[in-house]
Amino acid sequence: MASRSTQILEAAARVIARRGVRGLRVEELAAEAGVSTALIYYHFKDRTGVLRQTLEYINDRAERYTTGRDPDAPPPTAREELEEALLLELQDTAEVRENSSAWGELRASAVFDEVLREDLAKATLVWVQEIAALLGRVEPLAPASALADAAERLTALLEGLSVRWLSGGVRIGHARQLMRGAIDAELAGLQRD
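Residues numbered from 1 in each chain as written. Predicted model: local features only at pLDDT ≥ 70, side-chain atom pairs only at ≥ 80, totals over all residues. Heavy atoms only, no water.

1. Structural notes on the side chain of Thr 124
Let me state the cut-off plainly: Each helix is a run of H or I in the DSSP string that is no shorter than four residues. Each strand is a run of E no shorter than two, and both are numbered from the N terminus. Residue burial is assigned from relative accessible area. The probe radius is 1.4 Å, only protein chains are included, and a residue is buried under 20% of its type maximum, exposed over 50%, and partly exposed in between. The contact criterion used is simple: two residues touch if any of their non-hydrogen atoms lie within 4.5 Å.
Note on placement: Thr 124 falls in helix H7 (residues 114–138). On the accessibility criterion, Thr 124 (14% relative accessible area) is buried. For Thr 124, the residues in contact, after removing those within four places along its chain, are Trp 103 and Arg 107.

Shown next as structure tokens:
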């Protein structure tokens, strides 16, 4: 059974995905999690604490579904690992939809919330660095600055495609096709650098 704090974070991700950050009320969160509001304040201090920890929870959950593999499967190539890290963010599953929706809501709210903006910038930087490292495994002779730029473009595109997919602007298959094309283009560019 999940710990109480994890139970609250799972509920927070659901509420944010469904109603947005502005729609997150501690009372509604308590009802969704099946706990008291006092317990939420005990674990997270305030609403900002809930948001900050939910962002971390969403990041951790995304890492699990983008890096989890069958232990009996052969190890992926560097290229396959890069593609998985990006394309598994575009899966039509309840968990990915919820995670992507909540991430988008947190990103939009960060425009107005300095504390959330700082946390989101740090989380984004880590994500970009992870993708840059994967790109570097595929193209080990590429300059670090070129790897960082390519990773920035790929992660930004992924966020945009995710929003378009979730809002009905693009079908999931087409979003994945566009992401594959972008990966190909970035790798080709790194080979020229």
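2. A look at a negative patch on the surface
Formally: Only residues whose relative accessible area exceeds 30% and that form no salt bridge enter a patch; like-charged residues are grouped when within 9 Å of one another, and nonpolar side chains (Val, Leu, Ile, Met, Phe, Trp, Tyr) when within 5 Å. With residues, only the protein chains shown are counted as cover, and all accessible areas are computed by Shrake-Rupley using a 1.4 Å probe. Take a side-chain nitrogen of Lys or Arg and a carboxyl oxygen of Asp or Glu: if they are within 4 Å of each other, that pair is a salt bridge. In this tally, Asp and Glu contribute negative charge and Lys and Arg positive charge; neither His nor the terminal groups of the chain are included. Charged groups are reduced to one reference atom each: NZ for lysine, CZ for arginine, CG for aspartic acid, CD for glutamic acid.
A contiguous patch of negative charge, built from Glu 56, Asp 60, Glu 63 and Glu 130, is present on the exposed surface. Element by element, the count of residues in the negative patch is highest for helix H4 (residues 47–67), at three residues. With respect to the secondary-structure elements, Asp 60 resides in helix H4. You can call Asp 60 partly exposed: its relative accessible area is 37%.

3. A closer look at the pattern of salt bridges
Counted under the stated rule, the structure contains twelve salt bridges. Residue Arg 79 pairs with Glu 83 through a salt bridge whose shortest N-O separation is 2.8 Å. Here Glu 83 and Arg 79 lie together in helix H5 (residues 78–87), a separation of four residues that amounts to about one turn. Residue classification places Arg 79 among the partly exposed residues on the basis of a relative accessible area of 29%. Each of Arg 14, Arg 18, Arg 19, Glu 28 and Glu 32 takes part in one network of salt bridges that share partners.

4. Thoughts on unusual backbone geometry
Backbone geometry at Lys 45 places phi at a positive 75°, although glycine is not the residue there. Here Lys 45 is to be found in the loop between helix H3 (37–44) and H4. Among the residues examined, Lys 45 registers a relative accessible area of 71% and is labelled exposed.

5. Considering the layout of surface pockets
Space left empty within the atom packing is revealed by a probe, the size of a water molecule, rolled over the atoms. Put simply, the test is: Space inside and on the surface of the protein is sampled on a 1 Å grid over the protein atoms alone, with a cavity defined as a set of points where a 1.4 Å probe fits but cannot get out and a pocket as an open set with protein on both sides within 12 Å along at least 5 of 7 lines; lining residues have an atom within 4 Å of a point. Grid points are joined across faces, edges and corners, and a volume is the space filled by probe spheres set on the points.
Of the voids in this model, the largest pocket is the one considered here, and its volume is about 730 Å³. Lining of the largest pocket is provided by 33 residues; of these, Asn 59, Ala 62, Glu 89, Trp 127 and Glu 130 occupy positions nearest its centre. Broken down by secondary-structure element, the contributors of at least two residues to the lining of the largest pocket are H4, H5, helix H6 (94–110), H7 and helix H8 (144–166). Element by element, the count of residues in the lining of the largest pocket is highest for H4, at eleven residues.

6. Examining the packing of helix H1 (residues 4–19) against H4
Threshold: The axes used here are C-alpha line fits, helices contributing only the stretch in contact, and every angle between their N-to-C directions lies in the interval 0 to 180 degrees. In what follows, roughly perpendicular refers to angles from 65 to 115 degrees, roughly parallel to angles under 35, roughly antiparallel to angles over 145, and oblique to any angle outside these ranges. For this classification, the nonpolar set comprises Ala, Val, Leu, Ile, Met, Phe, Trp, Tyr, Cys and Pro, the charged set comprises Asp, Glu, Lys and Arg, and every other residue, Gly included, is treated as polar.
Packing of H1 against H4 leaves a shortest axis separation of 9 Å and a crossing angle of 90°. Considering their axes alone, H1 and H4 lie roughly perpendicular with respect to each other. Contacts between H1 and H4 involve Thr 6, Leu 9, Glu 10, Ala 12, Ala 13 and Ile 16 from the former and Val 50, Leu 51, Gln 53, Thr 54, Tyr 57, Ile 58 and Arg 61 from the latter. Residues of the contact of H1 with H4, tallied by class, amount to eight nonpolar, three polar and two charged.

7. A look at the packing of aromatic side chains
Here is the rule: Classification of ring pairs uses Phe, Tyr and Trp, with its six-membered ring standing for Trp, and accepts pairs whose centres are within 6.5 Å; under 30 degrees between planes counts as stacked, over 60 as edge-to-face, and the remaining range as tilted. Whether a charge sits over a ring depends on NZ of Lys or CZ of Arg being within 6 Å of the ring centre and within 35 degrees of the ring normal.
In the structure shown here, the tally under the stated rule is one aromatic pair. Relative to Trp 127, the ring of Trp 103 lies with its centre 6.4 Å away and its plane at 75°, an arrangement referred to as edge-to-face. Of this pair, Trp 103 sits in helix H6 while Trp 127 sits in helix H7, and the two are 24 residues apart along the sequence. In this structure Trp 103 comes out as buried when scored by relative accessible area, which is 12%. We note Arg 22 situated over the ring of Phe 112; from NZ or CZ to the ring centre the distance is 5.4 Å.

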